[in-house]
Amino acid sequence: MSNIGVEYTPQNVARPPLSHEQLAFELHRHAIRFVRIQWVDLLNNVRSRVLPTSHFYKLLETARPGVSLTKCVFGLVFIRLSPGFNSVGEYLYVVDTSSFRRCPYAPGHAVVFGFFQEKVPVPLPTGPSFAVPLCPRTNLLRLVEYAAKDLGAQFLVGIETEFILLKSTDSIVAVNNHGWSNSPALASGTTEAKVLEEIADALLEAGIELQMYHSEAAPGQYEVITGPLSPLEAADALVQTRETIFNIASKHGLRATLAPRLDLDNCGSGAHTHISVHGAQRGTSSSEFLTPLESCFLAGLLDHLQAVTAFTLPLPASYVRMKDGIWSGGTWACWGADNREAPVRLSNATSPSSRNFEVKSVDGTSSPYLSITALLAAGIIGIRDTQELTSKNCEGPKTAAEMTDAERGEMGIAKRLPLNIEEARRCLLQDDVLKDLLGAESVEAFVRVNETLGRAMDCQPGEGESVAVTRLVENY
């Protein structure tokens, strides 16, 4: 074993929480005039209420600082409601001061996220509770706390954000035709070079660790890589990263899109999610590269990856990117050390200080909270059950798709990933173990909303395919 790369641990990336007094000081120190209270719905739409700081200060003095939001907030799909949601009731969205960041892309603005809570506690067998089962941030925090307290496991998450800059959405026109890491894609003085530099500056000023940016393989495609954080912080930071990209592109007259794939002749855009596993060792490992804890996590992740896909690839368009043979991770539940034809790539396999799992079957149309929660939940099941890793390292020369059934059997590869969102939803609803850990109510609500979303995004009667593509890039 030889250590390479930067070492990140749960301890050296931790951000100290802010008290209400410290938050007020930060708002004053940075001349913040407006606070954006943001949340992400089940469609992966970022929604917000913008408060002048004068009123935000008053909120901070209350017992549960927050804003009231209709309970159908989780069921809204553009202008329609999903089944099971109606116009009755309100939640209190209570701000989480530890999530505070400035918004350099909007001078004078800052952002905080929060937790959806009931206005009046709900009686439960364990006692009265304000918790809302559908709140994605609550569910992610609950899962992480359970893993740390009951299993002694902690996680760090980092994201690669791929996006395409477009000059036009009604007829798709990319900002340039340059490819992967090609210098002309960032030529000095070009609009795209200015956009990427401003994005980088804004992320750094917001306190998000930017590791690098570069051009990607498709026309007008770029990638921004942000450093590992605790799971909830990573999800919050990813929302701000995307908001930064969208807003700065818009400032320069461009549209940034996270659409999974715009052209079958070119690469798609993903949100590759890197997860490192930290904690006391348990069980045994069947791989020379993995600790027992990592081995159990990986076993659970692969076992439940079919169901997890509903969260990480949530649109019909998501499955246009996930094909065999194009380095997007392929369609078989397997793993491999630096194998880009496996949905789970083991990165820095021989370096314990920087080793992590890169999950490639994630795209930018997925909610960071839902996708990270689902990925962690699958791995946590493996840790909880001390699950044995039966899948072998796919190290070539054949990819899983190129193997015969017998060869896949020898490698312990038994499950093919869903090939469309309908199949992914079925896998999720049939995975009782994962549903139990995530919460059946939240899973079933997500599926109802996702079905409505799929119908809204698909080609409508009388529409051409180009209209549906325009709708995709204008919404994601």
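Residues numbered from 1 in each chain as written. Predicted model: local features only at pLDDT ≥ 70, side-chain atom pairs only at ≥ 80, totals over all residues. Heavy atoms only, no water.

Going by what an unreviewed UniProt entry lists, the protein chain is known as Glutamine synthetase and is assigned to Paxillus involutus ATCC 200175. Here the protein chain is described in UniProt, under the heading Sequence similarities (unreviewed entry), as follows: "Belongs to the glutamine synthetase family." (UniProt positions renumbered as here; feature names shortened; annotations may be inferred.)

(A) Examining the overall build of the protein chain more closely. Within the protein chain, the secondary structure is distributed over 14 helices and 17 strands. Over its C-alpha trace the protein chain gives a radius of gyration of 22 Å, about what one expects of a compact globule, namely 23 Å for 476 residues. Considered along the principal axes of its C-alpha atoms, the protein chain spans approximately 65 × 60 × 50 Å. Residues classed as buried in the protein chain amount to 57% of the 476 residues present. Excluding contacts between residues fewer than 6 apart, the proportion of contacts in the protein chain whose partners are at least 24 apart in sequence is 69%. Summing over all exposed atoms, the protein chain offers an accessible surface of approximately 19600 Å²; the carbon and sulfur share of this is 52%. (Helix = DSSP H or I, 4+ residues; strand = E, 2+ residues; numbered from the N terminus. Rg over C-alpha atoms; globule rule 2.2 N^0.38 Å. Buried < 20%, exposed > 50% of the residue type's maximum accessible area, 1.4 Å probe, protein only. Contact = heavy atoms within 4.5 Å. Areas by Shrake-Rupley, 256 points an atom, 1.4 Å probe, with all protein chains shown as cover.)

(B) Representation of the side chain of Ser 442 within the structure. Along the polypeptide, Ser 442 turns up in helix H13 (residues 440-457). Of note is the side chain of Ser 442, whose polar atom sits 3.1 Å from the backbone oxygen of Leu 438. In contact with Ser 442, not counting residues within four places along its chain, are Pro 133, Leu 134 and Asn 139. (Polar contact = N/O pair within 3.5 Å; in protein donor to acceptor, adjacent residues only side chain to side chain.)

(C) Structural detail: the packing of helix H3 (residues 136-151) against helix H9 (residues 368-384). Running from N to C, H3 and H9 cross one another at 25°; their axes reach a closest spacing of 10 Å. Our classification of the angle between H3 and H9 gives roughly parallel. As H3 packs across H9, the resulting crossing turns out to be left-handed. Across the interface between the two elements, Pro 136, Arg 137, Asn 139, Leu 140, Leu 143, Val 144, Tyr 146, Ala 147 and Leu 151 from H3 touch Tyr 369, Leu 370, Ile 372, Thr 373, Leu 376, Ala 377, Ile 380, Ile 383 and Arg 384 from H9. Considering only residue class, the contact of H3 with H9 consists of 14 nonpolar, two polar and two charged. (Axes fitted to C-alpha atoms, helices over the stretch in contact; angles between N-to-C directions. Parallel < 35°, antiparallel > 145°, perpendicular 65-115°, else oblique. Left-handed = near helix turned anticlockwise from the far one by under 90°. Nonpolar A, V, L, I, M, F, W, Y, C, P; charged D, E, K, R; others polar.)

(D) Region of interest: the domain arrangement of the protein chain. Under the domain assignment, the protein chain is made up of domain 1 (20-132) and domain 2 (148-475). Inter-centroid distance (C-alpha atoms) of domain 1 to domain 2 is 27 Å. Residue-level contacts link 27 residues of domain 1 with 32 residues of domain 2. Summed over both sides, the interface between domain 1 and domain 2 buries roughly 2400 Å², with carbon and sulfur atoms accounting for 62% of that surface. Its largest share of buried area at the contact with domain 2, domain 1 owes to Leu 42, Arg 101 and Tyr 105, together 29% of the area lost on that side. Along the contact surface separating domain 1 from domain 2 lie one salt bridge. Ionic pairing is found between Arg 102 and Glu 205, a salt bridge with its closest N-O pair at 3.3 Å. For the pair domain 1 and domain 2, the number of links is nine residue pairs in polar contact (both at pLDDT 80 or more). (Domains from an automatic or database assignment. Buried area = accessible area lost by both parts, 1.4 Å probe. Salt bridge = Lys/Arg side-chain N within 4 Å of Asp/Glu carboxyl O.)

(E) Geometry of the environment of Lys 398. Structurally, the position occupied by Lys 398 is in the loop between H9 and helix H10 (405-411). A sequence separation of 57 residues divides Lys 398 from Glu 341, and the C-alpha atoms of the two residues are 9.7 Å apart. Other than its neighbours up to four places away in sequence, Lys 398 contacts Met 403 and Glu 407. At 3.1 Å, the side chain of Lys 398 and the side chain of Glu 407 are in polar contact.

(F) Seen up close, the packing of aromatic side chains. Under the counting rule described, the total for this entry stands at eleven aromatic pairs. Measuring from centroid to centroid gives 5.6 Å for Phe 155 and Phe 297, while their planes differ by 40°, and the two rings are tilted. Here Phe 155 is found in strand S9 (residues 153-168), whereas its partner Phe 297 is found in helix H6 (residues 292-303), with 142 residues between them in sequence. Neither residue differs from the other here; Phe 155 and Phe 297 are each classed as buried. Members of the aromatic cluster, joined through ring pairs, are Trp 39, Phe 74, Tyr 91, Tyr 93 and Phe 116. Over the face of the ring belonging to Phe 130 we find Arg 64, whose NZ or CZ atom lies 3.8 Å from the ring centre. (Phe/Tyr/Trp six-rings, centres within 6.5 Å; stacked < 30°, edge-to-face > 60°. Lys NZ or Arg CZ within 6 Å of the ring centre and 35° of its normal.)

(G) Structural view of the environment of Leu 232. As for its position among the elements, Leu 232 is in helix H5 (residues 231-251). The exposure class assigned to Leu 232 is buried, which follows from its relative accessible area of 13%. In this structure, the C-alpha to C-alpha distance between Leu 232 and Tyr 369, residues 137 residues apart in sequence, is 7.5 Å. In this structure, Leu 232 is in contact with Asp 96, Phe 115, Arg 137, Leu 140, Leu 141 and Tyr 369, ignoring residues within four places of it in sequence.

(H) Representation of the pairing of strand S11 (residues 210-215) within the structure. Where S11 lies against strand S12 (residues 221-229), five bridges are found, and the strand directions are antiparallel. Residue pairing across strands places Ser 215 opposite Tyr 222, the latter belonging to S12. What sits between the antiparallel neighbours S11 and S12 is a turn of five residues, in which Gly 220 has the positive phi angle 70°. (Pairing = 2+ DSSP bridges.)

(I) Expanded view of helix H11 (residues 421-430). Those residues of H11 that fall on the buried side of the exposure criterion are Ile 421, Ala 424, Arg 425, Cys 427 and Leu 428. One side of H11 holds all its buried residues, which, seen down the axis, span an arc of 160°. Tucked inside the fold, the buried residues of H11 contact helix H7 (305-312), helix H8 (318-321), helix H12 (432-438) and H13. Of the residues that open H11, the one with a side-chain oxygen 3.2 Å from the backbone nitrogen of Glu 422 is Asn 420. (Arc of directions from axis to C-beta.)

(J) Just the environment of Pro 121, in detail. Structurally, Pro 121 can be placed in strand S7 (residues 109-122). For the pair Pro 121 and Ala 131, spaced ten residues apart in the sequence, the C-alpha separation amounts to 8.0 Å. With sequence-adjacent residues up to four places away left out, Pro 121 is seen in contact with Pro 128, Ser 129 and Phe 130.

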